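As a plain string of letters, each chain reads:
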Amino acid sequence: MPKLQRLHPGHAPAVLAFELANRSYFAAFVSDRGDEFFDQFTDRLSALLAEQEAGIGAFYVLVAEDGSVLGRFNLVGIEDGTAELGYRVAQHVAGRGVATATVRELCGLAAARHGLRTLRAATARENAASQKVLTRAGFVPVGPAAPADVGGKPGAWYQRDLAAG
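Residues numbered from 1 in each chain as written. Predicted model: local features only at pLDDT ≥ 70, side-chain atom pairs only at ≥ 80, totals over all residues. Heavy atoms only, no water.

Draft legend 1. Layout of the pattern of salt bridges. Taken as a whole and assessed by the stated rule, the structure comprises four salt bridges. Among the ionic pairs, Glu19 bridges to Arg88, the shortest N-O distance being 3.0 Å. Note that Glu19 is positioned in helix 1 (residues 12-21) and Arg88 in strand 4 (residues 82-89), a separation of 69 residues in sequence. Across this residue pair, the class does not change: Glu19 and Arg88 are buried. Glu126 is paired through a salt bridge with Lys153; the nearest N and O atoms lie 3.6 Å apart. (Salt bridge = Lys/Arg side-chain N within 4 Å of Asp/Glu carboxyl O. Helix = DSSP H or I, 4+ residues; strand = E, 2+ residues; numbered from the N terminus. Buried < 20%, exposed > 50% of the residue type's maximum accessible area, 1.4 Å probe, protein only.)

What follows is the structure, given as structure tokens:
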């Protein structure tokens, strides 16, 4: 059974393998991160862990029984009880309810562990799968998202009031 775990330095090899294995799949939905992301992966991971330590971000990985990463689920810009949710799941588990179940679990953690009251998430207009994940997890559309908010593509913002359950 996959487990949602808070990101730690020991996850680095599995997270990098996940990103590399799914690079072209992710690029179909948002702009490719570019070679620089992979070349500087260790520094970027260290920066995320520093954000997590400072309490301005919370980063999670969904880990399979074999230790591989099935997805990344992030809370960024934590401030005044609000954060932005970002997530991505491996292509081989997409469409199986993994993202929806994990986003729901993370909503509970966001409220209980991080004291958040509201989560926001942006998704590209053509990313119907992500829109379904968000609506099934209790998010509602709240307005348009600029291309800069959604990896270079026009989209929409979704929001969930965590106090509402």
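Draft legend 2. Geometry of the sheet that holds strand 1 (residues 3-6). Spatial strand order, 1-2-3-4-5-7-6: seven strands in an open sheet with mixed pairing. Looking at which strands have only one partner, the edges of the open sheet turn out to be strand 1 and strand 6 (140-145). Recorded for the sheet is a direction-independent mean angle of 25 degrees between the axes of neighbouring strands. With five bridges connecting them, strand 6 and strand 7 (residues 155-161) associate as antiparallel partners. The residue bridging Ala145 from the neighbouring strand is Gly155, located in strand 7. Relative to the sheet, helix 1 contacts strand 2 (57-63), strand 3 (69-79) and strand 4, its axis offset from that of strand 3 by approximately 105 degrees. Relative to the sheet, helix 5 (residues 98-112) contacts strand 1, strand 2, strand 3, strand 4, strand 5 (118-124) and strand 7, its axis offset from that of strand 3 by approximately 35 degrees. (Pairing = 2+ DSSP bridges. Axes fitted to C-alpha atoms, helices over the stretch in contact; angles between N-to-C directions. Contact = heavy atoms within 4.5 Å.)

Draft legend 3. Summary view of the packing of aromatic side chains. The full count for this structure, using the stated rule, is five aromatic pairs. Seen in terms of ring centroids, Tyr25 and Phe26 are 5.8 Å apart; in terms of plane orientation they differ by 50 degrees. Their pairing is tilted. Here a set of aromatic residues connected by ring pairs shows up, and it is made of Phe18, Tyr25 and Phe26. Of note, Arg88 hangs over the ring of Phe26, and the distance from its end group to the ring centre comes to 4.2 Å. The ring of Trp157 carries Arg120 above its face, with NZ or CZ at 4.1 Å from the centroid. (Phe/Tyr/Trp six-rings, centres within 6.5 Å; stacked < 30°, edge-to-face > 60°. Lys NZ or Arg CZ within 6 Å of the ring centre and 35° of its normal.)

Draft legend 4. Structural view of the pairing of strand 3. The buried fraction of strand 3 is high, at eight of eleven residues. Connecting strand 2 to the next strand, strand 3, in antiparallel fashion are five residues, including Gly67 with a positive phi near 90 degrees. Relative to strand 4, strand 3 is paired through seven bridges, and the arrangement is antiparallel. Directly across from Gly71, in strand 4, lies its bridge partner Val89. Hairpin connection, strand 3 to strand 4: the antiparallel pair is bridged by two residues, and Asp80 has positive phi, about 50 degrees.

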